[in-house]
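These are the residues of each chain, in order.
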Amino acid sequence: MKQIACAENKTEFSLTVLDALRFLQRAWFSVTATTISNCFRHAGFSVDIESGVSDQQEEEEDDDDDDIPLARLAGINFTEYANMDNDIPTTEPLTDDDIINEITSSMKETEEDSDEDDTITTEKPVPSLSAMVEMTETYQSYFEAQDDTEELLPLLAKINNYFTRKQLERKLNAKQTTLISDLSGLVSFRE
């Protein structure tokens, strides 16, 4: 996420050892007991009944298709999969009319935004997701410097993971929307 934020802000990406340790900590706090149990089971170790994992829970989590690669499930080989979208156009040249329409619509949006800014609002603005990620990193730096806050770090890692996941979901949704509009434009272009 830090690399994405640096790319968006056009700043140089650097990763310290402390950043790497924090990433490892967040990843470890995301691992569940079920995941660890499944790893041991898939490795061939027997599951201890007394460990608290019931047979019913084990049956629900055991899926025969779990160990089959997705490409085999789809019935295609790797080469077909890798070349699947080679013939799909991803862009089309803009006409002069498209460029003019885009500029005028952005100018109208700017005017509408400035009109909305003129109204007095008493609501406190909601911080952005990237601001929340930065805030949790600031909290983490503070708590790491304290002696009696070890139990708070896992909670803070969960909060940071939440904001990071929401930020990625928003970016993926934006990219999917762009792709869908590009594809619909392509379909209307071919008609």
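As the structure is a prediction and not an experimental result, all values here were calculated from the model.

### Quick look at the overall build of the chain
Consideration 1: When helices and strands are counted, the chain shows nine helices and zero strands.
Consideration 2: Walking the chain from its N terminus toward its C terminus, one meets helices and strands in the order α-α-α-α-α-α-α-α-α.
Consideration 3: Taking all 191 residues of the chain together, 12% fall into the buried category.
Consideration 4: For the chain, contacts bridging at least 24 residues in sequence account for 58% of all contacts bridging at least 6.
Consideration 5: Total accessible area on the chain is roughly 15900 Å²; 56% of this is exposed by carbon and sulfur atoms.

### Describing the pattern of salt bridges
Consideration 1: For the structure on display, the rule yields two salt bridges.
Consideration 2: Across the pair Arg22 and Glu144 runs a salt bridge, and its minimum N-O distance is 2.7 Å. Taken together, the positions of Arg22 in helix 2 (residues 17-30) and Glu144 in helix 8 (residues 129-145) put the pair 122 residues apart, joining distant regions of the chain.
Consideration 3: Its relative accessible area of 10% is what places Arg22 among the buried residues.

### Observations regarding the packing of helix 2 against helix 8
Consideration 1: Running from amino to carboxyl end, helix 2 crosses helix 8 at an angle of 100°, the nearest separation of the two axes being 13 Å. It follows that helix 2 is roughly perpendicular to helix 8 by the angle criterion. Counted together, Leu18, Arg22, Gln25 and Arg26 of helix 2 and Glu137, Gln140, Ser141 and Glu144 of helix 8 form the full contact between these two elements.
Consideration 2: Class assignment for the residues of the contact of helix 2 with helix 8 results in one nonpolar, three polar and four charged.

### Description of the confidence of the model for the chain
Consideration 1: Averaged over all residues, the pLDDT of the chain equals 75, while 73% of them reach at least 70.
Consideration 2: Mean pLDDT values over the elements of the chain span from 52, in helix 4 (residues 55-61), up to 86, in helix 2.

### Examining the packing of aromatic side chains
The geometry of an aromatic ring pair is captured by two quantities: the separation of the ring centres and the angle between the planes.
Consideration 1: This model, assessed by the stated rule, comprises two aromatic pairs.
Consideration 2: Here the aromatic rings of Tyr142 and Phe143 are separated by 5.5 Å at their centres, their planes lie at 65°, and the arrangement is edge-to-face.
Consideration 3: Seen from their ring centres, Tyr162 and Phe163 are 5.4 Å apart, and the 70° between their planes marks the pair as edge-to-face.
Consideration 4: Note on Tyr162: relative accessible area 39%, which makes it partly exposed.
Consideration 5: In this structure Phe163 comes out as buried when scored by relative accessible area, which is 14%.

### As for a negative patch on the surface
Consideration 1: Together, Glu92, Asp96, Asp97, Asp98, Glu102 and Asp182 make up a region of like negative charge exposed at the surface.
Consideration 2: Broken down by element, the negative patch gets its largest block of residues, four residues, from helix 7 (residues 96-118).
Consideration 3: Residue placement: Glu92 occurs in the loop between helix 6 (78-82) and helix 7.
Consideration 4: The class of Glu92 is partly exposed, set by a relative accessible area of 36%.

### With respect to the side chain of Asp19
Consideration 1: Topologically, Asp19 is positioned in helix 2.
Consideration 2: The residues touching Asp19, leaving out its near neighbours within four places in the chain, are Lys2 and Ser14.

### With respect to a nonpolar patch on the surface
Consideration 1: Taken together, the side chains of Trp28, Val31, Ile36, Phe40 and Phe45 make up a nonpolar region of the molecular surface, amounting to roughly 520 Å² of accessible area.
Consideration 2: Inspection of the secondary structure assignment puts Phe45 in the loop between helix 3 (33-42) and helix 4.
Consideration 3: The exposed category is assigned to Phe45, whose relative accessible area is 53%.

### Considering the environment of Thr104
Consideration 1: Summarising the element assignment, Thr104 is placed in helix 7.
Consideration 2: Polar contacts involving the side chain of Thr104 include one to the main-chain carbonyl oxygen of Asn101, which spans 3.0 Å.

How each quantity is defined
Residues numbered from 1 in each chain as written. Predicted model: local features only at pLDDT ≥ 70, side-chain atom pairs only at ≥ 80, totals over all residues. Heavy atoms only, no water. Helix = DSSP H or I, 4+ residues; strand = E, 2+ residues; numbered from the N terminus. Buried < 20%, exposed > 50% of the residue type's maximum accessible area, 1.4 Å probe, protein only. Contact = heavy atoms within 4.5 Å. Areas by Shrake-Rupley, 256 points an atom, 1.4 Å probe, with all protein chains shown as cover. Salt bridge = Lys/Arg side-chain N within 4 Å of Asp/Glu carboxyl O. Axes fitted to C-alpha atoms, helices over the stretch in contact; angles between N-to-C directions. Parallel < 35°, antiparallel > 145°, perpendicular 65-115°, else oblique. Nonpolar A, V, L, I, M, F, W, Y, C, P; charged D, E, K, R; others polar. pLDDT = per-residue confidence, 0-100. Phe/Tyr/Trp six-rings, centres within 6.5 Å; stacked < 30°, edge-to-face > 60°. Patch = residues over 30% accessible without salt bridge, like charges linked within 9 Å, V, L, I, M, F, W, Y side chains within 5 Å. Lys, Arg positive; Asp, Glu negative; His and termini not counted. Charge placed at Lys NZ, Arg CZ, Asp CG, Glu CD. Polar contact = N/O pair within 3.5 Å; in protein donor to acceptor, adjacent residues only side chain to side chain.

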